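# Descriptive structure summary
Given next are the chains, with one letter for each unit.
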There are 2 protein chains.
Amino acid sequence: MTDQSAKDNFRSYLATQGLKSTRQRDIILDEFLRAGAHLSTEELYLRLREQHPHIGYATVHRTLKLFAECGIAEPCHFGDGQTRYESSAGEEHHDHLICTDCGAIVEFENPQIEALQESVASQHGFLIERHRLELYGRCQQCQVFKNVVDTGRNERSSSR
Amino acid sequence: MTDQSAKDNFRSYLATQGLKSTRQRDIILDEFLRAGAHLSTEELYLRLREQHPHIGYATVHRTLKLFAECGIAEPCHFGDGQTRYESSAGEEHHDHLICTDCGAIVEFENPQIEALQESVASQHGFLIERHRLELYGRCQQCQVFKNVVDTGRNERSSSR
DNA sequence: GCTTAAATTGAAATTCAATTTCAAGAGGGT
DNA sequence: ACCCTCTTGAAATTGAATTTCAATTTAAGC
Ligand SMILES: [Mn+2]
Ligand SMILES: [Mn+2]
Ligand SMILES: [Zn+2]
Ligand SMILES: [Zn+2]
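Residues numbered from 1 in each chain as written. Chains lettered and ligands numbered in written order. Predicted model: local features only at pLDDT ≥ 70, side-chain atom pairs only at ≥ 80, totals over all residues. Heavy atoms only, no water.

## Observations concerning the packing of aromatic side chains
Tallying each qualifying case throughout the model produces 6 aromatic pairs over all chains. Taken together, a centroid distance of 5.0 Å and an interplanar angle of 85° make the contact between A:Phe10 and A:Phe67 edge-to-face. Of this pair, A:Phe10 sits in helix α1 (residues 3–16) while A:Phe67 sits in helix α4 (residues 57–69), and the two are 57 residues apart along the sequence. A ring pair is formed by B:Tyr45 and B:Tyr57, whose centres lie 5.5 Å apart and whose planes are at 75°; its orientation type is edge-to-face. In this pair, B:Tyr45 is assigned in helix α3 (residues 41–51) and B:Tyr57 in helix α4 (residues 57–69), connecting sequence segments 12 residues apart. An aromatic cluster of at least three residues, connected via ring pairs, comprises A:Phe10, A:Phe32 and A:Phe67. The ring of B:Tyr136 carries A:Arg130 above its face, with NZ or CZ at 4.2 Å from the centroid. (Phe/Tyr/Trp six-rings, centres within 6.5 Å; stacked < 30°, edge-to-face > 60°. Helix = DSSP H or I, 4+ residues; strand = E, 2+ residues; numbered from the N terminus. Lys NZ or Arg CZ within 6 Å of the ring centre and 35° of its normal.)

## A few points about the coordination of the manganese ion (ligand 2)
Residues and elements named next belong to chain B. Listed as protein donors to the manganese ion (ligand 2) are His38 (NE2), Glu86 (OE), His94 (NE2), His96 (NE2) and Glu107 (OE); their distances from the metal cover 2.0 to 2.3 Å. Ordering the donors of the manganese ion (ligand 2) by residue number gives the pattern H-x47-E-x7-H-x1-H-x10-E. Placement of histidine 38 in the loop between α2 (23–35) and β1 (39–40) and of histidine 94 in the loop between β3 (83–87) and β4 (95–99) is noted, with a sequence separation of 56 residues between them. (Donors = N, O, S within 2.8 Å, 3.2 Å for Na, K, Ca; no water.)

## Examining the side chain of A:His131
Positionally, A:His131 belongs in strand β6 (residues 127–138). Of note is the side chain of A:His131, whose polar atom sits 3.4 Å from the side chain of A:Asp95. Reaching out from A:His131, the side chain makes a polar contact with the side chain of A:Glu114 at a distance of 3.4 Å. Ignoring sequence-local partners within four residues, the contact set of A:His131 consists of A:His93, A:Asp95, A:Glu114, A:Gln117, B:Glu134, B:Leu135 and B:Tyr136. (Polar contact = N/O pair within 3.5 Å; in protein donor to acceptor, adjacent residues only side chain to side chain. Contact = heavy atoms within 4.5 Å.)

## Notes on the protein's contact with DNA strand D
What surrounds DNA strand D is a group of 22 residues, the closest being A:Lys20, B:Lys20, B:Thr22, B:Arg25 and B:Arg62. Taking all atoms of DNA strand D within 4 Å of the protein, the share assigned to sugar and phosphate is 73%. A distance of 2.4 Å separates a base oxygen of DNA strand D from a polar atom in the side chain of B:Lys20. Among the secondary structure elements, those contributing two or more residues to the surface near DNA strand D are α4 of chain A together with α2 and α4 of chain B. Sort the elements by how many residues they give to the surface near DNA strand D and α4(A) lands first, with 5 residues. Of the residues assigned to the surface near DNA strand D, the class counts are 5 nonpolar, 11 polar and 6 charged. (Near = heavy atom within 4 Å. Nonpolar A, V, L, I, M, F, W, Y, C, P; charged D, E, K, R; others polar.)

## Comments concerning the packing of helix α5 (residues 111–123) of chain A against helix α5 (residues 111–123) of chain B
Between α5(A) and α5(B), whose axes approach to 10 Å, the crossing angle comes to 160°. Viewed along their axes, α5(A) and α5(B) adopt a mutual orientation that is roughly antiparallel. Read as a crossing pair, α5(A) and α5(B) show a hand that is left-handed. Residues A:Gln112, A:Ile113, A:Leu116, A:Gln117 and A:Val120 of α5(A) lie in contact with α5(B), whose contacting residues are B:Gln112, B:Ile113, B:Leu116, B:Gln117 and B:Val120. (Axes fitted to C-alpha atoms, helices over the stretch in contact; angles between N-to-C directions. Parallel < 35°, antiparallel > 145°, perpendicular 65-115°, else oblique. Left-handed = near helix turned anticlockwise from the far one by under 90°.)

## Quick notes on the domain arrangement of chain A
Residues and elements named next belong to chain A. Taken as a whole, chain A is organised into domain 1 (3–87) and domain 2 (95–148). For domain 1 versus domain 2, the separation of C-alpha centres amounts to 25 Å. Taken together, the contact pairs 5 residues of domain 1 with 7 residues of domain 2. A combined buried area of about 510 Å² lies between domain 1 and domain 2, and 57% of that area is made up of carbon and sulfur atoms. Run the count over domain 1 and domain 2 and you get 4 residue pairs in polar contact (both at pLDDT 80 or more). Split by residue class, the side of domain 1 that touches domain 2 holds 1 nonpolar, 3 polar and 1 charged. (Domains from an automatic or database assignment. Buried area = accessible area lost by both parts, 1.4 Å probe.)

## Looking at the coordination of the zinc ion (ligand 4)
Residue and element names in this part refer to chain B. Protein-derived coordination of the zinc ion (ligand 4) comes from Cys99 (SG), Cys102 (SG), Cys139 (SG) and Cys142 (SG), at a distance range of 2.2 to 2.4 Å. Bound by 4 donor atoms, the zinc ion (ligand 4) shows angles of 101 to 115° at the metal and therefore tetrahedral coordination geometry. Spacing between the donor residues of the zinc ion (ligand 4) along the chain follows C-x2-C-x36-C-x2-C. Like cysteine 142, cysteine 139 is buried. (Tetrahedral: all angles 85-135°; square planar, octahedral: opposite > 155°, others 65-115°. Buried < 20%, exposed > 50% of the residue type's maximum accessible area, 1.4 Å probe, protein only.)

## Points about the environment of B:Phe126
Residue placement: B:Phe126 occurs in the loop between α5 and β6 (127–138). A relative accessible area of 6% means that B:Phe126 is categorised as buried.

## Overview of the environment of B:Arg130
On the secondary structure map, B:Arg130 appears in strand β6. The exposure class of B:Arg130 is partly exposed, given its relative accessible area of 46%. Each C-alpha atom, one on B:Arg130 and one on B:Glu109, is 14 Å from the other, the two residues being 21 residues apart in sequence. Leave out the neighbours within four places in its chain, and B:Arg130 touches A:Thr100, A:Glu134, A:Leu135 and A:Tyr136.

Structure follows, in structure tokens:
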């Protein structure tokens, strides 16, 4: 799904639901697609505020929920107490590796795991609608730094 | 890990941390182990209140966090906005199948998936500390009822 | 373009689980 | 029993998510 098809999807979703196309929604969608990453409402709101200080937090919140409803964004919960949204534009389904030290997020996709999930579900009579797989640990960089700190060979400032 | 070893673990955790063994903590641990399932703070508090109305919500909350710290309980987030805790007593690591209709939770363990997770992580240079795998869908029963409702052959009351 | 009904906006208020505060009470070493 | 420290429970606070509501904007119909 490209950025343009995300915009088209959103347009037609609004149309079919009797909702209206507004300047704010357009601006928020543009910024959301431009940002790319896994953004919380707060983060997107702050980014928008630089160029568009008139746009309210509540509108950003409501618009992100609309994005999720129409399928152009996916909500993520990475355990920091905030809901993040990622664009579905240009991305197939994927899962996440999350560094517990620096917060880095790496996306991956593993067909074998996906297949085994289906297999497990059917063994228990379940029909899967969606799933969540998150692997938490240390990224390569943070493993190196952790080792340095542990052995006292360096006094690098904290990575966060 | 048996219930008794959970109690022993908790005792020694308190001792090593300079914390105290109290009547409330004993009662909360007993009820937590007895309940068995995936309980939220609220649910455990309500269960306790029947026999021990003097125990406060804050104490239940703090005690569950202690259980998690010392490894006899695992926090779970199943997307209903509440943190649940499950006993680690008598259980190996496992993941969850969750029915989005009736809320049923089925536990499973799949060594192949676990191995593939490690493989994915090492491909990306990560060292996994923990992971979360949740499969959301309909349990067998809810698939059947859904079908009945859809075809109008029955008027069974909603399962929730 | 003008009118109008319905949807949207944004500031502020509210919700709700999680967490903290604090004064009174309990544990446990001596 | 004494004393210091930890714990408790009611109430207050926090913070993200969500709702409220009066003013504004959209877009359909004329
Ligand atoms: Mn992603
Ligand atoms: Mn479980
Ligand atoms: Zn890292
Ligand atoms: Zn079910």
